[in-house]
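If you want the building blocks of each chain, they are given just below.
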Amino acid sequence: MIPRLWTYFIRRALANIAEQRFIHLISAGTITISFFLFGAFVLLVVNLNTWLLEWGQSLSMSVYLEEDIGEKRKTEIREALKGIPDAELRGFVSKEKAMEALREAFGAQAALLEGFKKNPLPASFELVFKETDFQTLAPETIKKELEGLPGVVEVQYSEQWIERFEGILYMIQAGGFIIGGLLCLAVLFITTNTIKLTIYARREELEIYKLVGATDRFVKTPFLIEGAIEGVLGGTVALAGLYGVYGLVSMKPLYASGFPILKLVFLPPGIALGLIVLSLILGLIAGLIAVGRFFN
Amino acid sequence: MIQLFNVSKHFGQNVALADLTLRIRQGEFVFVTGPSGAGKTTLLRLIFGAQRPSDGAILISGINLGRIRRAKLDLMRRRIGFVFQDFKLLSTKTAFQNVALALEVTGERPSIIRKKTRQMLRAVGLNGKESLYPPELSGGEQQRIAIARAVINEPIILLADEPTGSLDPDITNEIMLLFRTINLRGTTVLFATHNRELLKGTDQRTLMLKNGRMVQEPPVSSEETDP
């Protein structure tokens, strides 16, 4: 195709959009909303993944002790824990300290704990494995070994939480893909119909173009460009909106709450670019479907 | 130039053209006449490649229209101009833009499009009316735009379907003069009309159609030379 024709096609596509601006505005708005929702899901997954990675960099383990454990047995357990390679004993949490921490966590509802005649919480040793390769560490084996020590009731490690968290993450990812797929279908449907309306409005012009010898490609290409422009526009505005919301959410409140895990990150450039490319592809497909149906 | 071999066209049970065989030589001016529904428009549309014959073959400059690909047919249409009774102009485009779009589809340079379009509008007597829109022009002027658009790509064939059908007699004569001028430059013209007044005193070849059949056409011998 002659290169200067592309300038002509882009001009015609922009003129089409300008002439049918209301319909295109609605269509681009729908694409924006759809991609905003889809982008929000992707952003959520990206952040959950980031948190998961951060948590995964250190493994913590709680070794819960029997109710009336003697000092001798406690010392034996402490020595056994110190002997574990790569492990750092962070301290001992007595029953009282555990209850105190629970009271703090309950805050205003701490009065609920007054109902307990006896402190039900066990004392524990806290262990941390730093910069650990979990595959070679095998926390499950350590857990079982420690649970075999006299005086130890139960051992819990953070990996178990991470595994549960990973399960939730996969569910969110799956939900995101399903919702994303449905939103993509909605985008296709709306953009296809918008372009069909544009084609219908210009059918007289297209007929005349064909009469003077325009090729199918000449007639169809501006509508494909129209779809692509609409898709990219919707995708870009959605990303900009998402960045705005991200900026607002990540400003203060979450940091002030003191939870380091809630440090938010925005979409990496690759994923952001991927979303725009996806919007471009969807716009092109919509254009192809619309011209295909009309010209057939 | 244009050859039809046993061409028929049916629309369901209706026969629009039946077993038509004819040959039109390069540079000829041929009237196609007959009452409404005789098959004049169908004949032109078949030659234009807008419809395919139900039977028979149509050759334009030796190319069988039934055997070429659609893309090639589009390119071929640039060499076949078509003028309609209802002009088929875009009311949202100026006279200049209506004519220029026939060049735009060829991918011509904008500077050449501007130059050729101005020249063509001057040639059809529309100098100074380039920026007017069709509704702002008379019927005769609109038909001049349509003719300018049809011939700007220097077609080898010009098909005209009742181009003077909606024009008054004075304007009709002006338009006829324009067609004859185009023909004198070597373009083959097929002019469909049911207006017998136009045929009076003309020595041009006339094909008379009735109910899709040729009722008046002397056989064309292969020995005849092109004019």
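Everything that follows concerns the structure shown earlier in this document.
Draft legend 1. Here's a closer look at the overall build of chain B. In terms of regular secondary structure, chain B is built from six helices and 10 strands. Relative to its full complement of 227 residues, chain B shows a buried share of 40%. Contacts in chain B between residues far apart in sequence, at least 24 positions, make up 73% of those at least 6 positions apart.

Draft legend 2. How the structure looks around the overall build of chain A. Within chain A, the regular secondary structure consists of 11 helices and four strands. In chain A, buried positions account for 28% of the 296 residues. Within chain A, contacts between residues at least 6 apart in sequence are counted, and of these 87% link residues at least 24 apart.

Draft legend 3. Up close: the interface of chain A and chain B. Contacts between the two partners involve 15 residues from chain A, matched on the other side by 14 residues from chain B. When residues of the side of chain A that touches chain B are traced back to their parent elements, those giving at least two are helix H1 (3-19), helix H8 (203-211) and helix H9 (216-249) of chain A. With five residues, the top contributor of residues to the side of chain A that touches chain B is H8(A). Residues belonging to the side of chain A that touches chain B are distributed by class as follows: nine nonpolar, two polar and four charged.

Draft legend 4. Region of interest: the nonpolar core. With 67 residues, the main nonpolar core has Ile47(B), Val99(B), Ala148(B), Leu158(B), Leu159(B), Ala160(B) and Leu190(B) as its most contacted residues. Take this core: its biggest share by element is seven residues, from helix H3 (residues 95-104) of chain B. Counting residues in each nonpolar core, the second largest holds 32 residues, with Leu183(A), Ala238(A), Leu275(A) and Val291(A) among its members.

Draft legend 5. Structural detail: unusual backbone geometry. Residues and elements named next belong to chain B. Notably, Ser61 is not glycine yet its phi reads approximately 50°, a positive angle. Structurally, Ser61 can be placed in the loop between strand E4 (55-60) and strand E5 (63-64). A residue is classified by how many C-beta atoms lie within 10 Å of it, and Ser61, with 12 of them, is exposed. One non-glycine residue, Phe87, lies in the positive phi region at around 65°. Assignment of secondary structure puts Phe87 in the loop between strand E6 (80-84) and H3.

Draft legend 6. Representation of the environment of Gly235(A) within the structure. By secondary structure assignment, the location of Gly235(A) is in helix H9. Residue contacts for Gly235(A): discarding those within four places in its chain leaves Ile31(A), Phe35(A), Leu275(A), Ile276(A) and Ser279(A).

Draft legend 7. View of the environment of Gly70(A). Looking at the secondary structure, you find Gly70(A) in the loop between strand E1 (58-65) and helix H3 (71-82). Sequence separation of Gly70(A) and Gly151(A) is 81 residues, and the distance between their C-alpha atoms is 8.7 Å.

Criteria and cut-off values
- Residues numbered from 1 in each chain as written.
- Chains lettered and ligands numbered in written order.
- Predicted model: local features only at pLDDT ≥ 70, side-chain atom pairs only at ≥ 80, totals over all residues.
- Helix = DSSP H or I, 4+ residues; strand = E, 2+ residues; numbered from the N terminus.
- Buried ≥ 20, exposed ≤ 12 C-beta atoms within 10 Å, placed from the backbone.
- Contact = placed C-beta atoms within 7 Å.
- Nonpolar A, V, L, I, M, F, W, Y, C, P; charged D, E, K, R; others polar.
- Core = buried A, V, L, I, M, F, W, Y, C linked by C-beta atoms within 7 Å.

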